[in-house]
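# Summary of structural features
Spelled out, the chains give:
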Amino acid sequence: MHTWQMQEAKARMSELVKRAQTQPQDITLHGKSVAVVVSRETFDRLSQAQGSLVDFMRRSPLYGVDDITFERDQSLTREVTF
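### A few points about the pattern of salt bridges
According to the stated counting rule, one finds 4 salt bridges in the structure shown. Between Glu 8 and Arg 12 there is a salt bridge, with the nearest N and O atoms lying 2.8 Å from each other. The class for Arg 12 is partly exposed, based on a relative accessible area of 36%. Notably, a salt bridge pairs Glu 15 with Arg 19, separated by 3.2 Å at the nearest N-O pair. Of the two residues, Glu 15 and Arg 19 both sit in helix 2 (residues 13-20), 4 residues apart, roughly one turn of that helix. For Arg 19, a relative accessible area of 33% translates into the label partly exposed. It is possible to trace a salt-bridge network through shared partners that takes in Glu 8, Arg 12, Glu 15 and Arg 19.

### Some details on the sheet that holds strand 1 (residues 2-5)
Here we have 3 strands laid out as an open sheet, ordered 1-2-3, and mixed in their pairing. In the strand order of this sheet, the two ends are held by strand 1 and strand 3 (32-37), each with one partner. Within this sheet the neighbouring strands show an average axis-to-axis angle of 35 degrees, counted without direction. Summarising the sheet, strand 1 and strand 2 (residues 25-29) pair through 4 bridges and their orientation is parallel. In the sheet register, Thr 3 faces strand 2, and the bridge partner there is Asp 26.

### Observations concerning the side chain of Gln 25
By the secondary structure assignment, Gln 25 is in strand 2. With a relative accessible area of 0%, Gln 25 lands in the buried category. In terms of polar contacts, Gln 25 uses its side chain to reach the backbone carbonyl oxygen of Gln 23, at 3.0 Å. When near neighbours in sequence (up to four residues on either side) are disregarded, Gln 25 contacts Met 1, His 2, Trp 4, Leu 16, Arg 19, Ala 20, Ala 35, Val 36 and Val 37.

### Observations regarding the side chain of Asp 26
Counting through the fold element by element, Asp 26 comes out in strand 2. Despite its burial, Asp 26 pairs with no opposite charge, the nearest such side chain being Lys 32 at 12 Å. Sequence-distant contacts of Asp 26, that is, excluding residues within four places in its chain, are made with Met 1, His 2, Thr 3, Trp 4, Ser 33, Ala 35 and Val 36.

### Some words on a nonpolar patch on the surface
On the surface, Leu 62, Val 65, Ile 68 and Phe 70 cluster together to form a nonpolar patch covering roughly 410 Å² of accessible area. Within the secondary structure layout, Phe 70 lies in the segment after helix 4 (53-58). We classify Phe 70 as exposed; its relative accessible area is 72%.

Reading the values: rules and limits
Residues numbered from 1 in each chain as written. Predicted model: local features only at pLDDT ≥ 70, side-chain atom pairs only at ≥ 80, totals over all residues. Heavy atoms only, no water. Salt bridge = Lys/Arg side-chain N within 4 Å of Asp/Glu carboxyl O. Buried < 20%, exposed > 50% of the residue type's maximum accessible area, 1.4 Å probe, protein only. Helix = DSSP H or I, 4+ residues; strand = E, 2+ residues; numbered from the N terminus. Pairing = 2+ DSSP bridges. Axes fitted to C-alpha atoms, helices over the stretch in contact; angles between N-to-C directions. Polar contact = N/O pair within 3.5 Å; in protein donor to acceptor, adjacent residues only side chain to side chain. Contact = heavy atoms within 4.5 Å. Lys, Arg positive; Asp, Glu negative; His and termini not counted. Patch = residues over 30% accessible without salt bridge, like charges linked within 9 Å, V, L, I, M, F, W, Y side chains within 5 Å. Areas by Shrake-Rupley, 256 points an atom, 1.4 Å probe, with all protein chains shown as cover.

Listed below in structure tokens is the structure:
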């Protein structure tokens, strides 16, 4: 991934967008990464509606099972000296 300083990214926006078609482009401000530019195709693929956490849990094979028992470790905590 190529890294661009914000000022350079603004000055060379066309090149940045062209490069983003093949790989993500990192933009930094004061040496800190603040944004990543990706192609529309990559964005669409990454942002496809994957559903909410509730939807995910409803697709679980355990959905609707009422008698699930979770075992808990009953061992004592370790001693810590301060």
